[in-house]
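Structural description and commentary
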Amino acid sequence: MKRVLVTGGAGFIGSNFVQYMLSNKENIELLVNLDALTYAGNLENLTAVQNDKRYKFVKSDIRKKEIVEKLFCEYDFDTVVHFAAESHVDRSIEEPELFLTTNIVGTQTLLDAAKRHWKIHPNDKYSRDYRDGVKYLQVSTDEVYGALGETGMFTETTPLSPNSPYSASKASADLIVRAYHETYGMPVNITRCSNNYGPYQFPEKLIPLMIHNAINDKALPVYGDGMQIRDWLHVSDHCYAIAKVLEEGKIGEVYNIGGNNEKANIEIVRLILAELGKPESLITYVKDRPGHDRRYAIDNKKITTELGWAPIYTFEQGVKETIKWYLENMEWVKRITTGDYMNYYKSMYENI
Ligand code: NAD
Ligand code: TYD
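Here we summarise the structure given alongside this text. (Residues numbered from 1 in each chain as written. Chains lettered and ligands numbered in written order. Predicted model: local features only at pLDDT ≥ 70, side-chain atom pairs only at ≥ 80, totals over all residues. Heavy atoms only, no water.)

**Looking at the site of ligand 2**
Selection criterion: Whether a residue is near a molecule or strand is decided by its heavy atoms; if any one of them lies within 4 Å of it, the residue is near. Two N or O atoms form a polar contact when they lie within 3.5 Å of each other; inside protein one atom must be a possible hydrogen donor and the other a possible acceptor, and for residues adjacent in sequence the pair counts only when both atoms belong to side chains. The accessible surface values rely on the Shrake-Rupley method and a 1.4 Å probe; as for residues, cover is taken only from the protein chains in view. Helix numbering and strand numbering both begin at the N terminus, where a helix is a DSSP run of H or I of at least 4 residues and a strand a DSSP run of E of at least 2. Throughout, the ten residues Ala, Val, Leu, Ile, Met, Phe, Trp, Tyr, Cys and Pro are labelled nonpolar, Asp, Glu, Lys and Arg are labelled charged, and all others, Gly among them, are labelled polar.
Residues in contact with ligand 2 amount to 19 residues; listed here are only the nearest, E143, R230, R289, H292 and Y349. Between E143 and ligand 2, the recorded distance is 2.5 Å, taken from a side-chain N or O atom to an oxygen atom. H292 is positioned with one of its side-chain polar atoms (N or O) 2.7 Å from an oxygen atom of ligand 2. Burial of ligand 2 by the protein chains amounts to 97% of its free accessible area of 510 Å². At the level of secondary structure, the elements contributing two or more residues to the shell around ligand 2 comprise α6 (206-215) and β8 (220-223). Considering only residue class, the shell around ligand 2 consists of nine nonpolar, five polar and five charged.

**Describing the site of ligand 1**
Taken together, 30 residues are adjacent to ligand 1, and I13, D35, S87, Y166 and K170 come closest. Residue I13 places a main-chain N or O atom 2.8 Å away from an oxygen atom belonging to ligand 1. A distance of 3.1 Å is found between a nitrogen atom of ligand 1 and a backbone nitrogen or oxygen belonging to A36. Every element with two or more residues in the shell around ligand 1 is listed here: α1 (12-24), β5 (135-141) and α5 (165-184).

**Here we look at the pairing of strand β6 (residues 188-193)**
This is how it is decided: When accessible area is computed with a 1.4 Å probe and restricted to protein chains, residues below 20% of their type maximum are described as buried, those above 50% as exposed, and intermediate ones as partly exposed. We treat two strands as partners when DSSP finds at least two bridges between them. A clockwise path from the first strand over the helix to the second, with the strands pointing away from the viewer, defines a right-handed crossover.
Taken across its six residues, β6 has six buried, putting it largely inside the fold. Alternating positions in β6 separate into two faces, V188, I190 and R192 on one and N189, T191 and C193 on the other, with burial throughout. The pairing of β5 with β6 spans six bridges and is parallel. Bridge pairing in β6 places V139 opposite T191. Since β5 and β6 lie parallel, the crossover through α5 that links them has a hand, and here it is right-handed.

**Section: the pairing of strand β2 (residues 28-35)**
Across the eight residues of β2, seven count as buried, placing the element largely inside the fold. Summarising the sheet, strand β1 (residues 2-7) and β2 pair through six bridges and their orientation is parallel. What sits directly across from T7, in β2, is L34. Traced from β1 through α1 to β2, the parallel crossover comes out right-handed. Where β2 meets strand β3 (residues 55-59), five bridges bridge the pair, whose relative direction is parallel. Note on β3: the bridge partner recorded for N33 is F57.

**Overview of α6**
Applicable threshold: We call two residues in contact whenever any of their non-hydrogen atoms come within 4.5 Å of each other.
Counting buried residues in α6 gives nine out of ten residues, a clear majority hidden from the surface. At its buried positions, α6 is contacted by β7 (196-197), β8, α8 (265-276), α10 (315-328), α11 (330-336) and α12 (340-348). Directly beyond the C-terminal end of α6, a positive phi value near 55° is found at D217.

**A closer look at α12**
Note the threshold: Directions are taken from the helix axis to each C-beta atom, and the arc is the one they span.
Turning to α12, its buried residues number three or more, namely Y341, Y344 and Y345. Along the axis of α12, the buried positions cluster into a sector of 95°, meaning they face one direction only. Every exposed residue of α12 that faces more than 90 degrees away from the buried side is listed here: N343, K346 and S347. Close packing links the buried residues of α12 with α3 (89-94), α6, β8 and α11.

**Describing the sheet that holds β2**
Applied cut-off: Orientation is described by axes fitted as lines to C-alpha atoms, over the contacting stretch for helices, and by angles from 0 to 180 degrees between their N-to-C directions.
Spatially, seven strands are ordered β3-β2-β1-β4-β5-β6-β11 in an open sheet, and the strand pairing comes out parallel. Each edge of the sheet is formed by a strand with only one pairing partner; in this case those strands are β3 and β11 (254-257). Each strand of the sheet is rotated relative to its neighbour by a mean of 20°, with strand direction disregarded. Contacting β5 and β6, α5 runs over the sheet at an angle of about 155° to β5. The strands that helix α7 (residues 235-248) touches are β4 (79-82), β5, β6 and β11; relative to β5, the one it contacts most, it runs at about 145°.

Everything listed here is a matter of geometry and, on its own, says nothing about what the molecule does.
Dropping the structure here:
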């Protein structure tokens, strides 16, 4: 039976993951969701599990060492899945310091608490027997590899070359996780996934922002020429991949996660408009993002061949379902797009 700490479980991917684990994994005895409830965290995403006896929510910041250590003592976790992060590139350009403290120092705080609680010492390196099944899983991103040209794909051995404060903070965290494995023998995995989409995504990221604006007949702000390429994956396929790595991933290994689904931004924007029956005249080209990565693409050979994972969703089906979800959950969207969101939106997109 597993005692799992999920950080950032009230965010987009974390809340999908908490629901996925509690409805698919019978070996979960306890799942604690530690989340600071920043603008991106929303307990409404978790109403389906709030009465589940195995589930517990703790509102706190991963950087608060004493609280994190106390939670380990109280709940005796054997598994950590670390999602909590500042996750939006545009915000990282405005406020890099927050990204560095949350994403780097927050990761180190968790690693230290797990290391202490699991009694992991340097002397145990390579001799430690992991039969007791403890594991720390770092949820990372393909953005740590930087940008690709027109050809090639990111493999797990592609050198880290991050270009934004966000991706630099995630790459730094990955290096710390790696160092704790190499130095102390900490049992870790790192997963690096491509861009996710699906239900509960905050409407600051491309797909939900475009759906939200199209529904409301507002301009769709496309950065630069709109020809930047991302490799899209449905969030439930990401959750399935993380569960696979937790259960079967080889200790110390990195696994890239992606669904071989490269699309230019403008293609996606057009697809959303067509699905919603809205005119292309809503498309508005705006100033490009500084340091904008041109193309991401994941080589998923390692996870597909070694762990037998494969995505279930096609992009067309996934986007249709996601649009339907946003149409059916307009109240959810309305509640999170007031106040702070309006200020953010105004400062980001003031000229359109
Ligand atoms: P998100 O922004 O939707 O959610 C982040 C969550 O972390 C929120 O619930 C927030 O309240 C919480 N949080 C932030 N700072 C915290 C702190 N100091 N202490 C405790 N909780 C805090 O992010 P997401 O899109 O769900 O991404 C989750 C993880 O997956 C991140 O680590 C991100 O880097 C990674 N990732 C995201 C994508 C993507 O496409 N969204 C792709 C690959 C990897
Ligand atoms: P985003 O969803 O922010 O993810 P990331 O930057 O982490 O890949 O953006 C996806 C792509 O969409 C990226 O190339 C930037 C572009 N984009 C726009 O063109 N307009 C927008 O309003 C946003 C939010 C993103």
